Amino acid sequence: MTTQDPTPCLVITGASRGIGFATAERFLTAGYRVINISRTAAPNPDIVQLEADLFDPAWGEAVAADLNSLVDGASKIVLVHNAALQAHGGVDQLDAQTLRKVMELNVIAPTILNQLLLPAMKAGSSIIYIGSTLSLKATANVAAYVTSKHALLGLMRSTCQDLGGRGIHTACVCPGFTDTEMLRSYGGEVLEQLAQASTIGRLVQPQEIAESIWFCASNPAVNGTYLRADLGLIEH
């Protein structure tokens, strides 16, 4: 038997670093219990770790009981679908196995997590999808990622329509080039080029994306729509 806890909960995937970690800490400061679902724990002992390999189709069944116990009685749940995989290669190079892997993490895992948590989500809860500027357009040589992020935007829009009347709102935050470990792996010259791709002339900080996620989660009027958080990308 579990003891119900009226504290609001954030459930987030991929909070071990980058945008996910910044978001977890933002909600911690607001008094939320924060639960991270990923293979790697977040570097903050106040974040509850629920270990799962989201590439494994059976991960949902493995964590269901523990997850339900952790959110039992929460006054509201904010669910943030953050974990994602980017694979390089254009349409002419895209093999089915790569596309399946990207879709498994970027689209199917959020679908599984929605089904696990929706029975526990009360009015006032929210589901926030982390898309990309590539949810809205395409660039060359990232076909699998672009496909998955377009699909995620569609999933958010379906979430809005299908949960009508339940008091649960949803949005898709679409970050631009963000100063994360993944982006820094490209090296200094590429980082400078990417920074100059915005009208502000710098990279987005993870904490700025976290604040955008907080805004969407806290505002039911922001429902069924996307929020670009890209410092104003220069259009070509």
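Before any of the text, the structure's been laid out above.
Residues numbered from 1 in each chain as written. Predicted model: local features only at pLDDT ≥ 70, side-chain atom pairs only at ≥ 80, totals over all residues. Heavy atoms only, no water.

Student: Would you mind showing me how to read the pairing of strand 5 (residues 126–130) here?
Tutor: Strand residues, when the strand is regular, have side chains that alternate between the two faces of the sheet. The buried fraction of strand 5 amounts to 5 of the 5 residues, a majority that puts the element mostly inside the structure. Of the two faces of strand 5, the one carrying Ser126, Ile128 and Ile130 and the one carrying Ile127 and Tyr129 are both buried. Across 4 bridges, strand 4 (residues 77–81) lies against strand 5 in parallel orientation. Directly across from Leu79, in strand 5, lies its bridge partner Ile127. As for the winding sense of the linkage, the β-α-β connection from strand 4 through helix 3 (residues 96–117) to strand 5 is right-handed. After leaving strand 5, the chain enters helix 4 (residues 143–162) and then returns to the sheet as strand 6 (residues 169–175), a path that is right-handed. (Buried < 20%, exposed > 50% of the residue type's maximum accessible area, 1.4 Å probe, protein only. Helix = DSSP H or I, 4+ residues; strand = E, 2+ residues; numbered from the N terminus. Pairing = 2+ DSSP bridges. Right-handed = clockwise from strand over helix to strand, strands pointing away.)

Student: What is the right way to look at helix 6 (residues 188–195) in this model?
Tutor: At 3.6 residues per turn, the α-helix brings residues three or four places apart onto the same side. Those residues of helix 6 that sit buried are Leu191, Leu194 and Ala195. The buried residues of helix 6 all sit within an arc of 100° when viewed along its axis, so they share a single face. With respect to the buried face of helix 6, the exposed residues turned more than 90 degrees away are Glu189 and Gln193. Lining the buried residues of helix 6 we find helix 5 (181–184). (Arc of directions from axis to C-beta. Contact = heavy atoms within 4.5 Å.)

Student: Got a minute to help me understand the sheet that holds strand 3 (residues 48–51) in this structure?
Tutor: Strand pairing in a sheet is mediated by backbone hydrogen bonds. Such pairs are either parallel or antiparallel. Overall, parallel pairing links the 7 strands, which are arranged 3-2-1-4-5-6-7 in an open sheet. Where the open sheet ends on each side, the last strands, each with one partner, are strand 3 and strand 7 (225–229). Averaged over all pairs of adjacent strands, the angle between strand axes in this sheet comes to 20°, irrespective of strand direction. Looking at chain direction, strand 6 and strand 7 are connected through 5 bridges and run parallel. Looking at the pairing, Cys174 lines up with Arg228 of strand 7. Along the sheet, helix 3 makes contact with strand 1 (9–13), strand 2 (33–38), strand 4 and strand 5, crossing strand 4 at roughly 170°. The sheet strands contacting helix 4 are strand 5, strand 6 and strand 7, and the helix crosses strand 5 at an angle near 165°. (Axes fitted to C-alpha atoms, helices over the stretch in contact; angles between N-to-C directions.)

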